[in-house]
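Residue-level structure breakdown
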Amino acid sequence: MLKVLKTLCIGALAVSATATAAYAEWPKDRPIEIVVAFAPGGSTDVMARAMQPYLEKELGAKIVIVNKPGASGEIAYTYLSQAKPDGYTFSFINTPGYLSMQVQRKLRYDPKSIQAVARIVDDPTAYVVKADSPIKSLKELVAQAKAKPGSVSVGSSGVGTDDHLAMILLESATGVSLTHVPFPGAGETRTALLGNHITTGGLNVSEFASGDTSSVRPLAHFGDKRSPEAPDVPTAQEQGIEVFMSSERGLAARRDVPADIRTKFSDAVKKVVDNPEFKEQAKKLALPLAYLSGEEWEQQMPKRLQAFQDIWNKTPWVQ
């Protein structure tokens, strides 16, 4: 009996040593997949592809960006939750959608199975119109909605996303009725706006403040102060409308990915965010960097989740 136990212990130690060695060698001989929960061209996708070469250099591994849009991110988060916990699949997560969907419906995955690795940006939500729109401010948008209830349509990146929740809060704060038009991502929202299919589009500051800004005109953003990335754009509060909303974007893994792998990945992300070359690129892309460790970010989530629960309790949102 003692001989059997001794053999089993030796075997267990050998397996443990092999696993530890494998983790120490991670990543090795395989690309790392990073999932984006929205269509190409949006702020999350742009940020992911901007970070890609820097992460590859830090990790010494190939990074593959995979877009899995739909269901306001649930498709991507379900995919992450079903991936092998071997450190070769990570995903961007976006709040409020990542949290708000937890209060609006039964999910196909357990949120507790996912662990935040790092928050990278905190990007204020903004409403923009086509450059030649007669609407010049958020107050004018509200006035039009009051004059013709239901005539003002708002494009968003999906049900329960930051631009959608901003619309719900705007309705509540001003007493107007708006028509919600969800899309798979910010790129489609912008296209619909430029095609005159919607009155205004919900875009984050980084999505209108970088590149060619001549085709759209921001009415306001819902940050608590003016954004350094768009200093000329007033906040909603400045226009007498007390609505605040932003989109946090960061990376996450399955919670049962070995801790040393998550730490190694998290450290690489922090080095990228601190890299002066990446910071300069982020500035050109108008990405409002706001790094938090995964632990710090997760500590903030219960309070935000409760805030979205409170919104749902007062005004349940629907498609």
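Since we're looking at a predicted model, the values are computed, not measured.

Another aspect to go through is the pattern of salt bridges. Going through the model one piece at a time under the given rule, you end up with 13 salt bridges. For R108, the salt bridge identified is with E74, shortest N-O distance 3.4 Å. Here E74 lies in helix 3 (residues 74-82) and R108 lies in the loop between helix 4 (97-104) and strand 4 (114-130), a separation of 34 residues in the sequence. Here the salt bridges do not stand alone but share partners, grouping R119, D122, E248 and R304 into one network.

Along the chain, T200 turns up in strand 7 (residues 200-204). Overall, the relative accessible area of 0% leaves T200 in the buried class. Residues in contact with T200, not counting those within four places in the same chain, are Y127, V128, V129, L141, S153, V154, G155, L193 and L219.

Look at helix 2 (residues 43-59): 23 Å from first C-alpha to last across 17 residues, which is about the 24 Å you get at 1.5 Å a residue. Of all bends in helix 2, the biggest is about 40°, found at Q52, and the proline P53 comes one to four residues later. Those residues of helix 2 not exposed but buried are S43, T44, D45, M47, A48, A50, M51, Q52, Y54, L55 and L59.

Here we take up unusual backbone geometry. The omega angle of the peptide bond from W26 to P27 is -5°, so this bond is cis rather than trans. Within the secondary structure layout, P27 lies in the loop between helix 1 (2-25) and strand 1 (32-36). The step from T95 to P96 runs through a cis peptide bond, and the omega angle for that step is 15°. Locating P96 in the fold gives a position in the loop between strand 3 (89-95) and helix 4. With a phi angle near 65°, N196 is a residue other than glycine that sits in the positive phi range. Assessed through its relative accessible area of 55%, N196 is described here as exposed.

Turning to the pairing of strand 1, a few remarks are in order. Most of strand 1 is tucked away: five of the five residues are buried. The alternating pattern of strand 1 places I32, I34 and V36 on one face and E33 and V35 on the opposite face, and all of these are buried. Summarising the sheet, strand 1 and strand 2 (residues 63-67) pair through five bridges and their orientation is parallel. Paired with I34 across the strands is I65, a residue of strand 2. Crossover handedness for the path strand 1 to helix 2 to strand 2: right-handed.

So, about the packing of helix 4 against helix 11 (residues 294-314). Where helix 4 contacts helix 11, the axes come no closer than 9 Å and their chain directions differ by 50°. The orientation of helix 4 relative to helix 11 falls into the category oblique. In the packing of helix 4 onto helix 11, the handedness of the crossing is right-handed. Contact residues: helix 4 offers Y98, L99, S100, Q102, V103 and Q104, while helix 11 offers M301, R304, L305, F308, Q309 and W312. Here the contact of helix 4 with helix 11 is composed, by residue class, of seven nonpolar, four polar and one charged.

A few words now on the side chain of H180. Relative to the assigned elements, H180 resides in strand 6 (residues 179-182). Side-chain polar atoms of H180 contact the side chain of S156, separated by 2.6 Å. Side chain to side chain, H180 and H164 meet in a polar contact 3.4 Å long.

Now for the nonpolar core. As a rule of thumb, nonpolar side chains are buried together in soluble globular proteins. Residues Y77, I93, Y98, Y127, L138, L178 and F222 are the most contacted members of the largest nonpolar core, which totals 46 residues. Put simply, the parts of the chain that give this core at least two residues each are helix 3, helix 4, strand 4, helix 5 (138-147), helix 6 (162-174), strand 8 (216-221) and helix 11. No other element matches the five residues that helix 6 contributes to this core. In this view, F222 contacts T125, A126, Y127, L138, A166, A236, V243, F244 and M245; residues no more than four positions away in its chain are not counted.

Conventions adopted
Residues numbered from 1 in each chain as written. Predicted model: local features only at pLDDT ≥ 70, side-chain atom pairs only at ≥ 80, totals over all residues. Heavy atoms only, no water. Salt bridge = Lys/Arg side-chain N within 4 Å of Asp/Glu carboxyl O. Helix = DSSP H or I, 4+ residues; strand = E, 2+ residues; numbered from the N terminus. Buried < 20%, exposed > 50% of the residue type's maximum accessible area, 1.4 Å probe, protein only. Contact = heavy atoms within 4.5 Å. Expected span 1.5 Å × (residues − 1). Bend = angle between axes of the 7 residues up to and from the residue. Pairing = 2+ DSSP bridges. Right-handed = clockwise from strand over helix to strand, strands pointing away. Axes fitted to C-alpha atoms, helices over the stretch in contact; angles between N-to-C directions. Parallel < 35°, antiparallel > 145°, perpendicular 65-115°, else oblique. Left-handed = near helix turned anticlockwise from the far one by under 90°. Nonpolar A, V, L, I, M, F, W, Y, C, P; charged D, E, K, R; others polar. Polar contact = N/O pair within 3.5 Å; in protein donor to acceptor, adjacent residues only side chain to side chain. Core = buried A, V, L, I, M, F, W, Y, C linked by side-chain atoms within 4.5 Å.

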